[in-house]
Number of protein chains: 2
Amino acid sequence: MNVYRCPENPIIEPKDVTPWQAGYEVIGAFNTGVTRLGDEIILLIRVAERPASSNPDIEYTAVYDVEKKQIAVKEFSKKDSLLDFSDPRMTITPEGKFLTSLSHFRIARSKDGIHFEIDDKPCMSPATAYETFGLEDPRISLIGDTYYITYVAVSPLGVTTALASTKDFGSIERHGIIFCPDNKDVVLFPEKIEGKYYAIHRPVTPLFEKYEMWIAESNDLKHWGNHHYLMGSAEGTFDCHRLGASAVPFRTDEGWLEVYHGVDDDNRYCLGAVLFDIKEPWKIIGRSDKPILAPETDYEIEGFFGNVVFNCGLLCEEGKLRIYYGVADTSIAYAEISLQEVMDSLK
Amino acid sequence: MNVYRCPENPIIEPKDVTPWQAGYEVIGAFNTGVTRLGDEIILLIRVAERPASSNPDIEYTAVYDVEKKQIAVKEFSKKDSLLDFSDPRMTITPEGKFLTSLSHFRIARSKDGIHFEIDDKPCMSPATAYETFGLEDPRISLIGDTYYITYVAVSPLGVTTALASTKDFGSIERHGIIFCPDNKDVVLFPEKIEGKYYAIHRPVTPLFEKYEMWIAESNDLKHWGNHHYLMGSAEGTFDCHRLGASAVPFRTDEGWLEVYHGVDDDNRYCLGAVLFDIKEPWKIIGRSDKPILAPETDYEIEGFFGNVVFNCGLLCEEGKLRIYYGVADTSIAYAEISLQEVMDSLK
């Protein structure tokens, strides 16, 4: 696959983002939804912050306190043998697991799609009991004249997917939890298909230890049912360990094209592509057996959680996939891939 | 709590049930939905069967083959050191987990509520890709003139909850998966509340290792949304490890009464009670701090999976809870408890 990577990559880094909370540092500005509004490209960026610390022996963790409506800080001693710091993304304590950063969403705007102006303040930040550990990985589907945002709401109650909407990215309205825990990587098809809305989602079966794609239908985007298994991991390839939807699927002449992420046994995150039938989106027409994008560059391989390219949105324009993707759970990069080349690669 | 246990308990045992498949043995006739139809009490019984084996070194496991539309048998050598037989309910193999029995549903009818005539054939048996490991734990909600059955559909794709309906327990219509994996212990409130249907469900968050009750709403019983966390385990008591809805909730003067099951750290299953607000069923008014029914008798303590009382349905009649409950994942017992005494016990 011929991938054009923007020479200015990463196009957005943590240092480009003003911390929301005083005394905090931004450690990630990475997984991002993308859409067009007027003559601008809009990114809806997951920004991860944590309290800045000058004491290397203490880990400070921010958690939203839903009753006090403010961020509270917890301290963990790195010398405490009862605590497990081995995963940079979470701290495991006898009291439970805590995420090492708290994520919110920030809007960025650009006319050229490369140089973005990033808001100083969040457009969405933790506000409910389901969001006390943050908001993650937003996807934007433009349906009619409304932008629908699916996002991961995390709290000790579980990893859920919630829905929000906006007409203009000025005010954003929340519509509650549409997929109960644990369920993430939810993307909404951008139009009704034969009278129904569809979503790809990624529930978890801990009993059988699978993290795979399902599809559900809805009449109103808020209530979901008729769940069907959609696509599982393939042995011996880039998505052998787990997979989930990434970009919002988009219409092509041959079917709905979905750019998804696959994880292998070494926890390497790549992007693949899958084509679904245009009228029966639960039917797979073609699928990558190799990644369309894999971590190769320094900024993709090294970072907070390395060896990761992760996509939450793209634009398909002028025969190209214009992919905004999180790299190493740290920054945002931009790449272009020929749509035709992706289509030709599907088996 | 004063519990009247029927002297004829267990009222239904595996030996009372004719095997569905030739050459099979019934090893469980236990968790059962219950309702009234005309002048009869109807049980919808989970019947667990496995191939009868005369060879103690081989375990035979039945799995529904959805393509061939028939039951297939797998053989596992008990001497194979790669296989794990430590849990009587499942065999863990390098190929995946397999259940040691295959469950279907059987109807039983009674006029006196104690002596039942059990159908020779299943009324529902595995028929879809989501049911290849069987159907489990049915609940019956009479809504209008239709009996709605929520049941657990198990396959390697996960532990899901499906919906079916019937007017007469003659023909039963399937309506597909309403809660994606892993999600079980789903009960439907028996009427609309302020214009919405409600279900209690029990999703799983493997990340935070919780198995607790949530509530969702629906306009049509098939599509579910607006998920809210409902009730979690309480420390130091009978439901400290996990819990889930059991009986279909029923209306009382003070609120919706739900008999649920709680599991403690020793894997002992008890029944508790919780009262929800009549108009806002996501609000808890009162809750047991002790079980209303706990495993005490031989038939509750000993069996296929002992120390278990598990309920999928009851009748509230003449001021009594008439509880049909699975014992030790083996048989069905019958008990009566005063409604007033249960109400008085709620904190």
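What you see is a predicted model, and the numbers here were worked out from it, not measured in a lab. Each residue is numbered by its place in its chain's sequence as written, counting from 1. As a convention, the first chain written is A and the first ligand written is 1, with the rest following in written order. In view of the model being predicted, local features appear only for residues whose pLDDT reaches at least 70, and side-chain atom pairs are presented and counted only at 80 or more, with totals across whole chains, interfaces and linings using the full set of residues. In computing side-chain values, all of the structure's heavy atoms are included and hydrogens and water are not.

Asks: Which parts of the structure should I look at to understand the pairing of strand β25 (residues 320–327) of chain A?
Replies: Remark: a regular strand shows side chains that alternate across the two faces of the sheet. All names here are of chain A. Where burial is concerned, most of β25 is hidden: 7 out of the 8 residues are buried. Across 8 bridges, the pairing between strand β24 (residues 309–317) and β25 is antiparallel. Each bridged residue has a counterpart across the sheet, and for Glu317 the counterpart in β25 is Lys320. A pair of strands is considered paired only if DSSP assigns at least 2 bridges between the two. Helix and strand assignments follow DSSP, with helices taken as H or I runs no shorter than four residues and strands as E runs no shorter than two, numbered in order from the N terminus. One ladder, built from 8 bridges, connects β25 with strand β26 (residues 331–338); its direction is antiparallel. Its bridge partner being in β26, Tyr325 is matched across the sheet by Ala333. Connecting β25 to the antiparallel partner β26 that follows it, the hairpin turn spans 3 residues, and Ala328 within it adopts a positive phi of roughly 55°. Three exposure classes are used, based on accessible area relative to the maximum for each residue type with a 1.4 Å probe and protein chains only: buried under 20%, partly exposed in between, and exposed over 50%.

Asks: Which parts of the structure should I look at to understand the side chain of Thr146 of chain B?
Replies: All names here are of chain B. Counting through the fold element by element, Thr146 comes out in strand β11 (residues 146–155). Note on Thr146: relative accessible area 9%, which makes it buried. Separated by 3.1 Å, the side chains of Thr146 and Asp145 make a polar contact. Reaching out from Thr146, the side chain makes a polar contact with the side chain of Lys167 at a distance of 3.2 Å. Residues are treated as being in contact if the distance between any of their heavy atoms lies within 4.5 Å. Filtering out sequence-adjacent residues up to four positions away, Thr146 remains in contact with Ser141, Ser165, Thr166 and Lys167. N or O atoms closer than or at 3.5 Å make up a polar contact, with two conditions inside protein: a donor-capable atom paired with an acceptor-capable one, and, for residues adjacent in sequence, both atoms drawn from side chains.

Asks: What is the right way to read the sheet that holds β24 of chain A from this model?
Replies: What holds strands together in a sheet is hydrogen bonding between their backbones, with the strands either parallel or antiparallel. Residues and elements named next belong to chain A. Here we have 4 strands laid out as an open sheet, ordered β1-β26-β25-β24, and antiparallel in their pairing. Edge strands, defined here as strands with exactly one partner in the open sheet, are β1 (3–5) and β24. Within the sheet, the average angular offset between the axes of one strand and its neighbour, ignoring direction, is 25°. Structural elements are reduced to axes, namely lines fitted to C-alpha atoms, with helices fitted over the stretch in contact, and the angle between N-to-C directions of any two is expressed from 0 to 180 degrees.

Asks: Explain the side chain of Thr161 of chain A to me, please; I cannot follow it from the model alone.
Replies: Residues and elements named next belong to chain A. In this fold, Thr161 is placed in strand β12 (residues 158–166). Judged by its relative accessible area of 1%, Thr161 falls in the buried class. Polar side-chain contacts of Thr161 include one of 2.8 Å to the backbone oxygen of Asn183. Residue contacts for Thr161: discarding those within four places in its chain leaves Thr150, Tyr151, Ile177, Ile178, Phe179, Asn183, Lys184 and Val186.

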